[in-house]
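As a plain string of letters, each chain reads:
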Amino acid sequence: MAEQEPESTITESVQPEIPTRRVKRIMKLDKDINKVNAEALVVITHATEFFLQFLAEKSALVALEKKRKTIKLEHLRVAVKRHQPTSDFLLDSLPMPAQPSDQQLLKDRAKSRANKKPVPVGTRKIDAFFQKFT
């Protein structure tokens, strides 16, 4: 009878989807790290992929709870807050969401800037073109 090889001796190399060069470059930003072992780089890259997948899935669940199709920063913040280990180190790094009043102020400023721009000599505003003459 022919003996089959146990599956534990078969090793498959699965390449990460995130570029390892980029992960290595980010790791080398730390002044304490001089060299990065190839195996350690692959493990850290896979761990990064799993972490990003976890954050994306949790953020997608929050977005679905709020009946949204697009994941926004507020959804990511809620997902991070719900997971305590992630919240401990990541919540302070996330930017604060813009307040609705801030967004309204930005829109108002943009409108006022558009109205204040001088019209070049010999031209008129397009609003005047569409006004009814009586």
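Under an unreviewed UniProt entry, the name given to the protein chain is Nuclear factor Y, and the organism recorded is Abeliophyllum distichum. The UniProt entry for the protein chain carries the following text under Subcellular location (unreviewed entry): "Nucleus".

Some words on the confidence of the model for the protein chain
When the pLDDT values of the protein chain are averaged, the result is 80; 64% of them are 70 or greater. Mean pLDDT values over the elements of the protein chain span from 62, in helix α6 (residues 126–130), up to 94, in helix α2 (residues 38–65).

Here we look at the packing of helix α1 (residues 20–27) against α2
At their nearest, the axes of α1 and α2 sit 10 Å apart, and the two run at 100 degrees to each other. Comparing the axis directions of α1 and α2 gives the class roughly perpendicular. For the pair formed by α1 and α2, the contact residues are Thr20, Val23, Lys24 and Met27 on the first element and Leu41, Ile44 and Thr45 on the second. Here the residues of the contact of α1 with α2 are counted per class, giving four nonpolar, two polar and one charged.

A word on α2
Look at α2: 41 Å from first C-alpha to last across 28 residues, which is about the 40 Å you get at 1.5 Å a residue. Restricting attention to buried positions, one finds in α2 the residues Leu41, Thr45, His46, Glu49, Leu55, Ser59, Val62 and Ala63. Lys67, located one to two residues past α2, shows a positive phi value of around 60 degrees.

Some words on the packing of α2 against helix α3 (residues 73–82)
Running from N to C, α2 and α3 point in directions that differ by 115 degrees, and their axes come no closer than 8 Å. Between α2 and α3, the angle is such that the two are roughly perpendicular. Viewed along their axes, α2 and α3 form a crossing whose handedness is right-handed. Across the interface between the two elements, Leu55, Lys58, Ser59, Val62, Ala63 and Glu65 from α2 touch His75, Leu76, Val78, Ala79, Val80 and Arg82 from α3. Residues that form the contact of α2 with α3 fall into these classes: seven nonpolar, two polar and three charged.

Considerations on the environment of Ala63
You can see Ala63 is positioned in helix α2. C-alpha separation for the pair Ala63 and Val78, spaced 15 residues apart in sequence, amounts to 9.6 Å. When sequence neighbours within four positions are dropped, the list of residues in contact with Ala63 reads Arg68, Thr70, Ile71 and His75.

As for the side chain of Ser59
Looking at where Ser59 falls in the secondary structure, it is placed in helix α2. Polar contacts involving the side chain of Ser59 include one to the main-chain carbonyl oxygen of Leu55, which spans 2.7 Å. Ignoring sequence-local partners within four residues, the contact set of Ser59 consists of Ile71, His75, Leu76 and Ala79.

Each value, and the rule that gives it
- Residues numbered from 1 in each chain as written.
- Predicted model: local features only at pLDDT ≥ 70, side-chain atom pairs only at ≥ 80, totals over all residues.
- Heavy atoms only, no water.
- UniProt positions renumbered as here; feature names shortened; annotations may be inferred.
- pLDDT = per-residue confidence, 0-100.
- Helix = DSSP H or I, 4+ residues; strand = E, 2+ residues; numbered from the N terminus.
- Axes fitted to C-alpha atoms, helices over the stretch in contact; angles between N-to-C directions.
- Parallel < 35°, antiparallel > 145°, perpendicular 65-115°, else oblique.
- Contact = heavy atoms within 4.5 Å.
- Nonpolar A, V, L, I, M, F, W, Y, C, P; charged D, E, K, R; others polar.
- Expected span 1.5 Å × (residues − 1).
- Buried < 20%, exposed > 50% of the residue type's maximum accessible area, 1.4 Å probe, protein only.
- Left-handed = near helix turned anticlockwise from the far one by under 90°.
- Polar contact = N/O pair within 3.5 Å; in protein donor to acceptor, adjacent residues only side chain to side chain.

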